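The lines below spell out each chain.
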Amino acid sequence: EWFLAVHTDPRLRIRRGSLTALPYDGQTFDAVICTEVIEHIPDDRAAVRELARVLKPGGTAAILELSTPPNPAFRAAYQFYSNSVLSKVGALISGSKDAYTYLPESVRKFPIASVLAGEFREAGFAEVKYELLTFGIVALHIARKP
């Protein structure tokens, strides 16, 4: 588990740590942006709660995560691609036979977009919405802390 904190302060410090226990006081940030991070956290609910903790009131979380395509035919084609093609191409390009083999399992375990949106609501976020992109392979979640 890791995160990278970036802000415009000239005293910028890059910190490494767990997304479920950020080393910041509550209500520190105006916005949090993550891409394909929460799917790697064993407890996605804890990560979402932690994002809510560090956001200031009125702050926004923008999260881009892999999702499960809702169309059954496209989902089957994407699963075939992920399981059979992507790992082989990743191995060819990277030189590692294990490259991208984690991806299908990661997507399978991760909640679908509507469930993740519910986790944002449970954590106290308001104005929670998501948009499915690339036929539902990824979802952009936007949520505001009241």
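Residues numbered from 1 in each chain as written. Predicted model: local features only at pLDDT ≥ 70, side-chain atom pairs only at ≥ 80, totals over all residues. Heavy atoms only, no water.

Section: the overall build of the protein
- A tally of regular secondary structure across the protein gives four helices and four strands.
- Across its three principal axes, the protein shows a C-alpha extent of roughly 45 × 35 × 25 Å.
- Here the protein holds 146 residues, and 39% of them are scored as buried.
- Sequence separation of 24 or more characterises 61% of the internal contacts of the protein that already satisfy a separation of 6 or more.
- In the structure as shown, the protein presents an accessible area of about 8,600 Å², 58% of it carried by carbon and sulfur atoms.
- Counting 17 positive and 16 negative side-chain charges, the protein places the centres of these two groups 1 Å from one another. (Helix = DSSP H or I, 4+ residues; strand = E, 2+ residues; numbered from the N terminus. Buried < 20%, exposed > 50% of the residue type's maximum accessible area, 1.4 Å probe, protein only. Contact = heavy atoms within 4.5 Å. Areas by Shrake-Rupley, 256 points an atom, 1.4 Å probe, with all protein chains shown as cover. Lys, Arg positive; Asp, Glu negative; His and termini not counted. Charge placed at Lys NZ, Arg CZ, Asp CG, Glu CD.)

A short note on helix α1 (residues 44-54)
- Counting buried residues in α1 gives eight out of eleven residues, a clear majority hidden from the surface.
- Of the positions making up α1, those classed as buried are Asp44, Ala46, Ala47, Val48, Glu50, Leu51, Ala52 and Val54.
- Looking at the buried side of α1, the elements it contacts are β1 (29-35), β2 (55-66) and α4 (113-122).

Observations regarding the nonpolar core
- Counting residues in each nonpolar core, the largest one holds 24 residues, and the members touching the most others are Leu19, Ile38, Leu51, Ile63, Phe120 and Phe125.
- Among the secondary structure elements, those contributing two or more residues to this core are β1, α1, β2 and α4.
- Here this core takes five residues from α1, the largest share from any one element.
- Once residues lying within four places of it in the same chain are set aside, the contact partners of isoleucine 38 are Leu19, Asp44, Val48, Leu51, Ile63, Glu65 and Phe110.
- Counting residues in each nonpolar core, the second largest holds seven residues, with Leu66, Leu86, Leu103 and Val138 among its members. (Core = buried A, V, L, I, M, F, W, Y, C linked by side-chain atoms within 4.5 Å.)

Thoughts on unusual backbone geometry
- We note that glutamate 36 has phi near 50°; this positive angle belongs to a residue other than glycine.
- Tracing the backbone through its elements, the reader meets glutamate 36 in the loop between β1 and α1.
- You can call glutamate 36 partly exposed: its relative accessible area is 36%.

A few points about the pairing of strand β4 (residues 138-144)
- Looking at chain direction, β2 and β4 are connected through seven bridges and run antiparallel. Across the sheet, the residue bridging to alanine 61 is alanine 143, located in β4.
- One ladder, built from six bridges, connects strand β3 (residues 126-133) with β4; its direction is antiparallel. Bridge pairing in β4 places leucine 132 opposite alanine 139.
- What sits between β3 and β4 in their antiparallel hairpin is a turn of four residues, with threonine 134 showing a positive phi close to 50°. (Pairing = 2+ DSSP bridges.)

Quick word on the sheet that holds β4
- Judged by pairing direction, the sheet is mixed, and its four strands sit side by side in the order β1-β2-β4-β3 without closing on themselves. On the outer flanks of this sheet lie β1 and β3, each paired with one strand and no other. Along the sheet, successive strands turn relative to each other by an average axial angle of 10°, direction set aside.
- On the sheet, α1 packs against β1 and β2 and is oriented at approximately 145° with respect to β2. (Axes fitted to C-alpha atoms, helices over the stretch in contact; angles between N-to-C directions.)

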